[in-house]
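A look at the structure
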Amino acid sequence: MIATESAARPLSVGPDIPYALHEDPTGRMTLEDFLALPEADVPQATRPLSRGYTDSAFWLRFTLPAELFEADALWMQLSPVYLDELTLYSRVLGGDAPQERPWQHREAGDRWGAPDDDLDYRFPVYAFAPPGPAGEGYEIILRVRSTSAVILVPTLWQPAAFLGQAAWTTSFWSFYFGMAAFSSALAILLAAYLNSRTLWSIASVSVVYLGIASVQGYVTWILGDIWGPLQHYLTSITTLLTYSTVFWMSAEVLNLRSYAPRFYKAALGAVGFSLLLQFSIPLGIYAFAKNLQIVFCLMIAVMAVQAIIRLCHLRLLLSADGAIVILPALLAATGLMQELMLQGYIRFSPVLFGQWQFVMMAIMLMVMILVVNRIRDERRMLAEQEQMARELRVEREASFNQRQFMAMVSHEFRTPLAVISAAVENLRLLTAGWPDIAQRHDRIQRAADRLSQLTDNCLADARLTSDTLYLDTRPVDLIAEVRAAAGLVEMSELHRLRLTVEGQPAGDETVTIEADAALLRIALSNVLDNAMKYSERGDVHVDVACRDGMVVVAIRDQGNGIAEDQVAHIFERYRRAGSGGAYKYGAGLGLFVSRQIARAHGGDIVLTENTPQGCCFEFRLPVLPVTMPATMPATMAEE
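Residues numbered from 1 in each chain as written. Predicted model: local features only at pLDDT ≥ 70, side-chain atom pairs only at ≥ 80, totals over all residues. Heavy atoms only, no water.

A few words now on the confidence of the model for the protein chain. Model confidence for the protein chain is summarised by a mean pLDDT of 78, while 77% of its residues fall at 70 or above. Across residues 1–7, where pLDDT falls below 50, the model places 10 contacts with residues more than four positions away in sequence or in other chains. Between residues 579–583, whose pLDDT stays under 50, and residues either more than four places distant or in other chains, the model counts nine contacts. (pLDDT = per-residue confidence, 0-100. Contact = heavy atoms within 4.5 Å.)

Evaluated as defined, the whole model comprises 19 aromatic pairs. Geometrically, the ring pair formed by Tyr121 and Phe123 is edge-to-face, given 6.1 Å between the ring centres and 70 degrees between the ring planes. Assessed through its relative accessible area of 8%, Phe123 is described here as buried. Summarising the aromatic geometry, the rings of Tyr176 and Phe177 are spaced 5.2 Å apart at their centres and angled 75 degrees between planes, so their arrangement reads as edge-to-face. Comparing Tyr176 with Phe177, the two get one shared label, buried. An aromatic cluster is defined as three or more aromatic residues linked by ring pairs; in this entry it consists of Trp75, Tyr121, Phe123, Trp157, Phe162, Trp168, Phe172, Trp173, Tyr176, Phe177, Tyr218 and Trp221. For the cation-ring pair, Arg595 lies above Phe571, with the distance from its terminal atom to the ring centre recorded as 3.8 Å. (Phe/Tyr/Trp six-rings, centres within 6.5 Å; stacked < 30°, edge-to-face > 60°. Buried < 20%, exposed > 50% of the residue type's maximum accessible area, 1.4 Å probe, protein only. Lys NZ or Arg CZ within 6 Å of the ring centre and 35° of its normal.)

Read from one edge of the open sheet, six strands run E3-E2-E5-E10-E7-E8, paired in antiparallel fashion. The sheet is open, and its two edges are formed by strand E3 (44–45) and strand E8 (104–108), each paired on a single side. Both strand E2 (residues 19–24) and strand E5 (residues 57–65) contribute to a ladder of five bridges, which runs antiparallel. Bridged to Glu23 within E5 is Phe58. (Pairing = 2+ DSSP bridges. Helix = DSSP H or I, 4+ residues; strand = E, 2+ residues; numbered from the N terminus.)

Between its terminal C-alpha atoms helix H17 (residues 517–533) stretches 24 Å, which fits the 24 Å expected from 17 residues at 1.5 Å a residue. The buried fraction of H17 is high, at 14 of 17 residues. (Expected span 1.5 Å × (residues − 1).)

On to the pairing of strand E4 (residues 49–53), then. The element E4 is extensively covered by neighbouring structure, given that four of its five residues are classed as buried. Note: E4 against strand E11 (residues 149–157), four bridges, orientation antiparallel. Bridge pairing in E11 places Leu49 opposite Leu152.

Judged by side-chain polarity, Leu276, Phe279, Leu283, Ile285, Phe288 and Leu292 come together as a nonpolar surface patch covering roughly 650 Å² of accessible area. With respect to the helices, strands and loops of the structure, Leu276 is situated in helix H8 (residues 261–277). (Patch = residues over 30% accessible without salt bridge, like charges linked within 9 Å, V, L, I, M, F, W, Y side chains within 5 Å. Areas by Shrake-Rupley, 256 points an atom, 1.4 Å probe, with all protein chains shown as cover. Salt bridge = Lys/Arg side-chain N within 4 Å of Asp/Glu carboxyl O.)

Among the secondary structure elements, Thr473 is positioned in the loop between strand E12 (468–469) and strand E13 (474–477). Residue class for Thr473 comes out partly exposed when judged on its relative accessible area of 33%. Counting along the chain gives 41 residues from Thr473 to Glu514, while the straight-line C-alpha distance between them is 5.7 Å. When neighbours within four sequence positions are excluded, Thr473 is seen to be in contact with Glu514, Ala515 and Asp516.

With that out of the way, let us pick up the nonpolar core. Residues Leu478, Val553, Ile555, Phe617 and Phe619 are the most contacted members of the largest nonpolar core, which totals 45 residues. Core analysis: the next-biggest nonpolar cluster, separate from the first, contains 29 residues, Leu60, Leu83, Ala108 and Ile140 among them. (Core = buried A, V, L, I, M, F, W, Y, C linked by side-chain atoms within 4.5 Å.)

This next bit is on the sheet that holds strand E19 (residues 604–611). Consider a sheet: its strands pair through backbone hydrogen bonds, and that pairing is either parallel or antiparallel. Spatially, six strands are ordered E15-E14-E17-E18-E20-E19 in an open sheet, and the strand pairing comes out mixed. Edge strands, defined here as strands with exactly one partner in the open sheet, are strand E15 (504–505) and E19. Across seven bridges, strand E18 (residues 550–556) lies against strand E20 (residues 614–622) in antiparallel orientation. In the strand pairing of E20, Ala554 is matched with Glu618. Helix H15 (residues 478–485) rests against strand E14 (495–501), strand E17 (538–547) and E18 of the sheet, and its axis sits at about 175 degrees to E14. (Axes fitted to C-alpha atoms, helices over the stretch in contact; angles between N-to-C directions.)

In terms of burial, helix H4 (residues 206–215) is largely enclosed, as eight of its 10 residues are buried. Considered for burial, the residues of H4 that qualify are Ser206, Val208, Tyr209, Gly211, Ile212, Ala213, Ser214 and Val215. Among the residues trailing H4, Gly217 stands out with phi positive, at a value near 80 degrees.

This next bit is on the packing of helix H3 (residues 197–204) against helix H6 (residues 230–253). It is the contact of H3 with H6, at a shortest axis distance of 8 Å, that shows an interaxial angle of 155 degrees. Classified by the angle between their axes, H3 and H6 sit roughly antiparallel to one another. When you trace H3 past H6, the crossing you get is left-handed. Together, Arg197, Thr198, Trp200, Ser201, Ile202 and Ser204 of H3 and Thr245, Trp248, Met249, Glu252 and Val253 of H6 make up the contact between the two elements. Here the contact of H3 with H6 is composed, by residue class, of five nonpolar, four polar and two charged. (Parallel < 35°, antiparallel > 145°, perpendicular 65-115°, else oblique. Left-handed = near helix turned anticlockwise from the far one by under 90°. Nonpolar A, V, L, I, M, F, W, Y, C, P; charged D, E, K, R; others polar.)

With that out of the way, let us pick up the side chain of Glu618. For Glu618, the location among the structural elements is in strand E20. Here Arg620 takes part through its side chain, which lies 3.1 Å from a polar atom of the side chain of Glu618. Aside from chain neighbours lying at most four places away, what touches Glu618 is Arg547, Val552, Val553, Ala554, Asp604, Ile605, Val606 and Thr608. (Polar contact = N/O pair within 3.5 Å; in protein donor to acceptor, adjacent residues only side chain to side chain.)

Put into structure tokens, the structure is as follows:
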């Protein structure tokens, strides 16, 4: 006997109302055959019907006693809706000859189309009026058969309670599918626009929402039976695709192609395997395919655990994207619990059985957050790239204009400097024998030579950094070029040039190399000029030697050395270095231009000594001719 007050809440057949159950493996049993069975073949059951994937038909028999009604109707909801065939037989108990009363026959199920029920709702709902004063209640027989999982949870409601619950659940699922439609459309549009594999994987999860809509009965409820068993096939198709698409999405989001390539390949294999399993639906082996998919997904789940452990080891799960891996793991756990319920290993619970749908909502929300964050990051990245491109363009234009200006100014300086030098030479002849005036002429000449050297550096810099560089190489006597470049040293009253070859005072020796004489002289002059600039007085020692197939020109001064924090920058353009912050006059081009010239010839210039007693720079140039193309890209002149 069921307590009367229990009717105030929904009652479930099984836990609240016991029923008799019989399994028909052939599926050919009729109502008369079932009624003729002995009681021993129809045992009592108190759990919801849950038998997994089977081809058997199941018969359930129970009664609704009159005390449940209390002068009000009872509505019975039959769920889930993905059962293929669902037949309801009912008749009133009590009165005269109850065994002769006819059975009322009603049909529902995915293959049936729109259910023959009493209420326009997404689940089949049948209304039972109070049996009347002489009635003892209703006798109910249900026959169920399905190619999907066989689950049946008949629930009895009072009309007011059912309407309230239906209004709430309809509002909830409307919000659910609205969010799903928005996130799916956003993912598909972004995937098509950006052609991103990650976004395509996120978009593929949208098929799961279509499956949830089928499981919840919305497809047939909205579209009716105009397309026949559409909801039936959508349920099967999307069920086979659910886990593989979630695995694929997780692999793409976490970039497991780099961190866990085995799991990534397995996830892609799961997608392909799920597509092949679709052929099981028309072949009538869907139950076998679903069980095979469960085994395959369990194997991938083990690999997923290994991938998660690896990501934890690499501390990648601390990122915002990494949190999404928890949701597929939770989905796999709820899916495993669902399968155990289907097979009857654990007690069936409608609440726990539907948890995977809410996990999918959490995945959906996480994906939306992820997509928004990625859009924001990509926009910021694009803005930064555009800003960098603008700055680079401005810098290139400024650099080009600077080179053009320097080349123009330097070229225009050469003629007046030549006139000044010629005038000074003429004045020397006119004032021969006047020592005081001769010293003034020497200072004028040194100033003109220094300005001429700066002009040459500017021209060389513009030439070295142009789009193409042409070296006019020919046999050059290196000793003669060193003497020519040391003209400023020889004119100085405070410095003296000491030129040696292999450590011995230079005589009439010659060292011939293939080089561009004009550029080589500029490079040597720059280093010699620095040797004078950074030493108040003393010797400037130049030694020419051959070592390891290279000609080495070592230039040593007697200055105070270079500050340690400046050594790394002395060969940069427009950088000047000194000792203790004592910077000398100059444009900061000398060493930069000298190194570019040396490298253009296949050599280099390096600082080999830096002491408080002086510095030593070494030119290292190849002895053999340098094989150079007629034009050389300017990038060879870069550091």
